[in-house]
Number of protein chains: 2
Amino acid sequence: MFFVKENGRTIPVADKVFALSGGAKAAIAKKGKDAVVNATVGALLDDNGDLVVMSSVTEAIRSLTPADYAEYAPITGTPAFKEAVVKALFGNYGPSGHVRLCVTPGGTGSLTSVIQNYSNYGDSVLTHDWCWANYKNIAISQGRKFKTFRFFNEDGVFDAEDLEKQLGELAAVQDQVVLLINTPAHNPTGYSLSLDDWDKMIAVLNRATCNVVLFLDIAYIDYAGEEDEVRAFIPKLDGLKDHVLTIFGYSASKTLTAYGMRLGAIVCMSKNEEVVEEFRRAAEYAARSTWSNCNRSAMVTMGKIYSDPELRAKVDEERKIYRDMLLERGRIFEKTLNDNGVKCVPFTAGFFVTIACDNPDEIGKKLEEQDIFCLALAKGIRVSIASVSKEKCVKCAEAIAALLK
Amino acid sequence: MFFVKENGRTIPVADKVFALSGGAKAAIAKKGKDAVVNATVGALLDDNGDLVVMSSVTEAIRSLTPADYAEYAPITGTPAFKEAVVKALFGNYGPSGHVRLCVTPGGTGSLTSVIQNYSNYGDSVLTHDWCWANYKNIAISQGRKFKTFRFFNEDGVFDAEDLEKQLGELAAVQDQVVLLINTPAHNPTGYSLSLDDWDKMIAVLNRATCNVVLFLDIAYIDYAGEEDEVRAFIPKLDGLKDHVLTIFGYSASKTLTAYGMRLGAIVCMSKNEEVVEEFRRAAEYAARSTWSNCNRSAMVTMGKIYSDPELRAKVDEERKIYRDMLLERGRIFEKTLNDNGVKCVPFTAGFFVTIACDNPDEIGKKLEEQDIFCLALAKGIRVSIASVSKEKCVKCAEAIAALLK
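Residues numbered from 1 in each chain as written. Chains lettered and ligands numbered in written order. Predicted model: local features only at pLDDT ≥ 70, side-chain atom pairs only at ≥ 80, totals over all residues. Heavy atoms only, no water.

**A closer look at the overall build of chain A**
So, point 1. Helices and strands together make up the secondary structure of chain A, namely 15 helices and twelve strands.
So, point 2. In terms of overall size, chain A behaves like a compact globule, its C-alpha atoms giving a radius of gyration of 21 Å where 405 residues would be expected to give roughly 22 Å.
So, point 3. Considering only C-alpha atoms, chain A reaches an extent of 60 × 55 × 50 Å along its principal axes.
So, point 4. Counting only residues that meet the buried cut, chain A has 61% of its 405 residues in that class.
So, point 5. Total accessible area on chain A is roughly 14,500 Å²; 51% of this is exposed by carbon and sulfur atoms.
So, point 6. Taken as two groups, the 47 positive and 53 negative side-chain charges of chain A have centres that lie 4 Å from each other. (Helix = DSSP H or I, 4+ residues; strand = E, 2+ residues; numbered from the N terminus. Rg over C-alpha atoms; globule rule 2.2 N^0.38 Å. Buried < 20%, exposed > 50% of the residue type's maximum accessible area, 1.4 Å probe, protein only. Areas by Shrake-Rupley, 256 points an atom, 1.4 Å probe, with all protein chains shown as cover. Lys, Arg positive; Asp, Glu negative; His and termini not counted. Charge placed at Lys NZ, Arg CZ, Asp CG, Glu CD.)

**Points about the relation of the copies chain A and chain B**
So, point 1. Mapping chain A onto chain B is achieved by rotating through 180° and translating by 0.0 Å along the same axis, at an RMSD of 0.0 Å. With respect to symmetry, the two chain copies, as superposed, fit the operation of a two-fold axis.
So, point 2. Mapped onto chain B, 100% of the interface residues of chain A again fall at the interface, so both copies present the same surface. (Least-squares fit on C-alpha atoms with pLDDT ≥ 70 in both. Contact = heavy atoms within 4.5 Å.)

**Focus: the environment of K147 of chain A**
Residue and element names in this part refer to chain A.
So, point 1. Mapped onto the elements of the fold, K147 is located in strand β4 (residues 145–149).
So, point 2. Residue K147 is classed as buried on the basis of its relative accessible area, which comes to 18%.
So, point 3. Spatially, the C-alpha atom of K147 lies 36 Å from that of T78, the residues being 69 residues apart in sequence.
So, point 4. There is a polar contact of 3.1 Å between the side chain of K147 and the side chain of Q166. (Polar contact = N/O pair within 3.5 Å; in protein donor to acceptor, adjacent residues only side chain to side chain.)

**Quick notes on the confidence of the model for chain A**
So, point 1. Summing up the model confidence of chain A, the mean pLDDT is 97 and the portion of residues at 70 or higher is 100%.
So, point 2. Scored as a whole, the predicted complex attains pTM 0.97, and scored at its interfaces, ipTM 0.97. (pLDDT = per-residue confidence, 0-100.)

**Notes on the packing of aromatic side chains**
Each aromatic ring pair is summarised here by two numbers: the centre-to-centre distance and the angle between the ring planes.
So, point 1. The full count for this structure, using the stated rule, is 29 aromatic pairs over all chains.
So, point 2. Chaining the aromatic ring pairs together yields one cluster made of F149, F151, F152, F158 and Y191 of chain A.
So, point 3. Cation over ring: K379 of chain A sits above W130 of chain A, and NZ or CZ is 5.1 Å from the ring centre.
So, point 4. The positively charged end of R144 of chain B is found above the aromatic ring belonging to Y121 of chain B, 4.6 Å away from the centroid. (Phe/Tyr/Trp six-rings, centres within 6.5 Å; stacked < 30°, edge-to-face > 60°. Lys NZ or Arg CZ within 6 Å of the ring centre and 35° of its normal.)

**Topic: helix α15 (residues 390–404) of chain A**
All names here are of chain A.
So, point 1. Relative to the 21 Å expected for 15 residues at 1.5 Å per residue, α15 spans 21 Å between its end C-alpha atoms, a close match to the ideal helical length.
So, point 2. Burial in α15 covers these residues: K392, C393, C396, A397, A399, I400 and A401.
So, point 3. Of the surrounding elements, those touching the buried residues of α15 are β1 (37–38), α13 (309–339), β9 (352–356), α14 (360–369), β10 (372–373) and β12 (380–384). (Expected span 1.5 Å × (residues − 1).)

**Quick word on the pattern of salt bridges**
So, point 1. Scanning the entire structure with this criterion turns up 54 salt bridges over all chains.
So, point 2. Linking K320 of chain B and D324 of chain B is a salt bridge whose minimum nitrogen-to-oxygen distance equals 2.7 Å. Here K320 of chain B pairs with D324 of chain B, and both are found in helix α13 (residues 309–339), just four residues apart, close to one helical turn.
So, point 3. When its relative accessible area of 32% is taken as the criterion, D324 of chain B is described as partly exposed.
So, point 4. A salt bridge links E368 of chain B to K365 of chain B; the nearest nitrogen and oxygen atoms lie 3.7 Å apart. In this pair, E368 of chain B and K365 of chain B both sit in helix α14 (residues 360–369), three residues apart, roughly one turn of the helix.
So, point 5. Overall, E368 of chain B belongs to the partly exposed group, its relative accessible area being 26%.
So, point 6. Beyond isolated ion pairs, a larger network of salt bridges with shared partners links R100, E273, E277, R280, E284 and R288 of chain A. (Salt bridge = Lys/Arg side-chain N within 4 Å of Asp/Glu carboxyl O.)

**Focus on the sheet that holds strand β5 (residues 176–182) of chain B**
Residues and elements named next belong to chain B.
So, point 1. On the basis of which strands lie adjacent, the open sheet formed by seven strands has the order β2-β8-β7-β6-β5-β3-β4 and mixed pairing. For this open sheet the edge positions go to β2 (98–104) and β4 (145–149), each flanked by a neighbour on one side alone. Each adjacent strand pair in this sheet contributes to an overall mean axis angle of 25°, direction not counted.
So, point 2. In terms of strand pairing, β2 meets strand β8 (residues 264–270) through seven bridges, oriented antiparallel. From the neighbouring strand, R100 faces β8, where its bridge partner is C268.
So, point 3. Across the sheet, helix α7 (residues 160–171) lies against β3 (124–128), β4, β5 and β6 (211–217), angled at about 150° from β4, the strand it touches most.
So, point 4. The strands that helix α11 (residues 273–288) touches are β2, β7 (244–251) and β8; relative to β2, the one it contacts most, it runs at about 10°. (Pairing = 2+ DSSP bridges. Axes fitted to C-alpha atoms, helices over the stretch in contact; angles between N-to-C directions.)

**Some points on the interface of chain A and chain B**
So, point 1. The interface is formed by 79 residues belonging to chain A together with 79 residues belonging to chain B.
So, point 2. Where chain A abuts chain B, roughly 6,900 Å² becomes buried across the two surfaces, and 54% of that area is made up of carbon and sulfur atoms.
So, point 3. Its largest share of buried area at the contact with chain B, chain A owes to F3, Y69 and Y285 of chain A, together 13% of the area lost on that side.
So, point 4. At the junction of chain A with chain B, the criterion picks out two salt bridges.
So, point 5. Applying the counting criterion to the chain A and chain B interface returns 56 residue pairs in polar contact (both at pLDDT 80 or more).
So, point 6. Going through the elements one at a time, α2 (55–62), α3 (66–70), α5 (106–118), α6 (134–141), β6 (211–217), β7 (244–251) and α11 (273–288) of chain A are the ones with two or more residues in the side of chain A that touches chain B. (Buried area = accessible area lost by both parts, 1.4 Å probe.)

**Description of the nonpolar core**
So, point 1. With 277 residues, the main nonpolar core has L214, M302 and F333 of chain A together with L214, M302 and F333 of chain B as its most contacted residues.
So, point 2. Not counting residues up to four positions away in its chain, the partners in contact with L214 of chain B are L179, I181, W198, M201, L205, L237, L240, V244, L245, T246 and I247 of chain B. (Core = buried A, V, L, I, M, F, W, Y, C linked by side-chain atoms within 4.5 Å.)

**Describing unusual backbone geometry**
Residue and element names in this part refer to chain A.
So, point 1. The step from T183 to P184 runs through a cis peptide bond, and the omega angle for that step is -5°.
So, point 2. Within the secondary structure, P184 sits in the loop between β5 (176–182) and α8 (195–207).
So, point 3. Of note, D371 is a non-glycine position whose phi angle comes to about 60°, a positive value.
So, point 4. Locating D371 in the fold gives a position in the loop between α14 and β10.
So, point 5. The buried category is assigned to D371, whose relative accessible area is 12%.

**Notes on the side chain of D162 of chain B**
Residue and element names in this part refer to chain B.
So, point 1. Mapping D162 onto the fold places it in helix α7.
So, point 2. For the buried D162, no salt bridge exists, and the shortest N-O distance to an oppositely charged side chain is 4.6 Å, to K165.
So, point 3. A distance of 2.7 Å separates a polar side-chain atom of D162 from the backbone nitrogen of R150.
So, point 4. Every residue in contact with D162, bar those within four places of it in the chain, is listed here: F149 and R150.

**Things to note about the packing of α2 of chain A against α13 of chain A**
All names here are of chain A.
So, point 1. The N-to-C vectors of α2 and α13 enclose an angle of 145°; their axes lie 8 Å apart at closest approach. Listed contacts from α13 to S55, S56, V57, E59 and A60 of α2 are L311, K314, V315 and E318.
So, point 2. The residue inventory of the contact of α2 with α13, partitioned by class, reads four nonpolar, two polar and three charged. (Nonpolar A, V, L, I, M, F, W, Y, C, P; charged D, E, K, R; others polar.)

**Concerning the sheet that holds strand β11 (residues 375–376) of chain A**
All names here are of chain A.
So, point 1. Spatially, β9-β12-β11 is the arrangement adopted by the three strands of the open sheet, whose pairing is antiparallel. Two strands lie at the open edges of the sheet, namely β9 and β11, each paired on one side alone.
So, point 2. Note: β11 against β12, two bridges, orientation antiparallel. Paired with A376 across the strands is I381, a residue of β12.

**Topic: the pairing of β8 of chain B**
All names here are of chain B.
So, point 1. Within β8, seven of the seven residues are buried, leaving the element largely enclosed by the surrounding structure.
So, point 2. Side chains of β8 alternate between two faces, with G264, I266, C268 and S270 and A265, V267 and M269 buried alike.
So, point 3. Of the pairings in the sheet, the one linking β7 to β8 comprises six bridges and is antiparallel in character. Looking at the pairing, T246 lines up with M269 of β8.

What follows is the structure in structure tokens.
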């Protein structure tokens with residue numbers, strides 16, 4: 001390094017996903033898109049490989065005025081946006097406590113905010129061992145350490161015992177732990193915590209001997225299944241004791257399939273109004289001191305959709321079509337894999353499926369030789385079923401099974 | 001605090017500017033907008049108090065496609081956006097070295113990026129004592145300390161001696177110093193470093209016994225005066241020795257009067273290509289680990305404007321009208337003040353003028369009693385001439401002079 005200070009970060013020469021997706025694009029240019037499976041893209045594509053754009057969202061965008069683009073938004077977000085997020089997040093399980101929220105640049109911003117505000121420098125942030133690789137980068141970039149618990153035990157069941165063990169180790173040296181849990185439709189496995197898993201996790205957190213900030217990354221909630229079913233865990237949060245604080249990371253970019261808008265929110269819920277007020281102050285301060293306010297036109301779009309029952313119904317209907325498409329891809333991928341004698345990491349729904357293996361880089365290379373592009377993680381292969389058709393899901397699952405058997 | 005960890009930050013209960021601007025709005029609601037001077041707003045308003053929106057920018061926005069909103073942008077920005085920033089920033093003083101850049105959420109994001117990547121935890125970031133208050137918040141939020149040099153000496157001249165002294169003190173304990181310089185049209189004073197000031201500063205930096213990362217916050221460059229004149233310092237950067245690295249913070253939101261779009265860039269220039277490549281890697285990593293990519297529709301808008309000579313000419317012409325309006329307000333404000341026997345902190349151009357005084361909070365309160373709303377800083381009163389008409393500039397200057405004489 002000449003001038004750059006790494007500060008404990010490991011800055012790669014090039015991003016792995018970017019290089020891989022470049023390879024897929026080159027193959028498509030050479031052999032045509034039917035011949036290539038590009039299962040690297042973290043966005044929802046239709047069966048032709050085109051980005052899903054909801055016409056109802058486009059309709060809302062078309063109604064924006066010049067001032068909706070020009071004017072600074074309030075740091076925590078426009079009032080209509082905030083109302084929209086509460087509706088979108090809680091659905092029919094309206095919050096049982098006080099709520100405050102702050103707009104963030106996508107889900108990433110909500111992670112930066114919670115780590116900056118709710119952990120001490122040098123403390124460890126805890127999450128499941130299967131996780132979005134960026135969790136670690138975000139924690140390390142804020143000068144925090146990174147610790148994981150085993151997400152699934154040998155029987156493929158949510159490992160509440162290991163969560164308790166790792167949390168206990170941190171409780172011995174920290175007064176508070178930020179715990180990042182990505183559910184439903186976890187990235188990269190697609191797993192959604194069951195209500196039984198939730199009971200176990202809540203019992204563990206209630207027994208913790210330090211404060212716990214339970215950060216629920218629900219970025220994929222609108223693609224995880226039926227609206228009420230995927231939110232059925234919300235009432236269970238009422239069972240958390242006072243030393244546990246619930247904060248949600250919400251991604252409007254995903255809900256509206258408008259990734260380029262960078263629209264997310266960090267949402268705090270507590271029975272104690274002082275706790276949510278403290279959150280509001282801290283979230284506002286962190287925003288102002290890191291990226292300031294967010295994209296106003298995106299907030300206005302979201303506000304319009306959720307305050308207009310007719311438009312909202314159109315968006316919900318349109319999204320349901322794509323969600324069902326995605327759920328069907330997931331079922332077919334998993335069935336093909338199982339029929340060929342291979343199991344994936346526990347999968348429920350969502351953008352990704354992951355298959356554990358000992359030599360992911362090698363498997364990844366062999367798949368590339370067949371023009372199948374998937375991301376090799378440290379302990380397995382991640383397949384973005386969000387970005388390939390049903391037919392290609394079958395092809396991809398068969399190829400992986402053949403290599404792993 | 002219940003759960004929030006301050007980590008050396010001082011998180012206020014409410015933002016001062018927000019409370020003040022609330023007071024101004026309440027006064028307007030009661031007494032009508034003609035009776036109130038709201039000189040608190042950090043955006044360009046026309047003489048009627050309406051936000052300046054450039055019709056040429058609106059034209060570019062109207063031509064966006066749904067995919068321009070929906071698709072993720074590359075982390076460092078779209079190619080057309082990057083080309084646009086190089087044109088917009090360097091104008092007729094095209095870069096003399098290698099350049100790399102990364103899109104950021106406004107100017108704030110560029111500050112976060114440079115501090116995260118170019119200083120060590122616990123090191124001090126150096127800037128002028130008159131500065132945007134948020135500089136300190138951004139540095140402290142990244143776990144850095146904050147040090148200032150005296151911007152002007154007793155004669156009201158750029159204080160290169162004190163810069164050298166403070167830099168020397170840091171060089172004794174740090175291997176590298178990030179130096180934040182906001183010019184031209186500095187916030188909050190409106191001062192632009194003269195070419196003579198530049199010579200002095202470059203001599204100081206070249207004599208430094210540690211590395212210096214010279215971060216030039218040029219957010220207001222397009223409102224500071226004639227295009228070539230305000231960029232005439234750029235060739236002087238060639239005189240910097242190898243231990244000094246130049247990084248620019250650019251605000252497209254301001255150039256296009258589209259603040260709500262949150263569009264900025266961090267730009268690195270060096271004769272050494274390895275140095276700018278290292279920058280690219282680090283800027284990309286910091287972005288991905290803090291807010292990820294940025295608002296794509298804003299990038300496409302900027303790209304369209306700067307790749308279409310006709311549209312660009314329209315934008316430039318339209319902006320010139322508003323820039324001239326702003327420059328005229330500044331001249332009249334300063335003249336009125338001087339005619340009434342009071343001097344401001346050295347002022348050249350820009351959104352703000354500042355008047356030093358011993359009791360800013362008291363002066364601010366007395367101005368409020370006259371329905372004149374200005375921000376009280378630690379050492380003076382900041383007047384946003386960007387947000388009030390010529391007539392109100394006169395009224396405001398007279399009122400301040402009357403209180404200070």
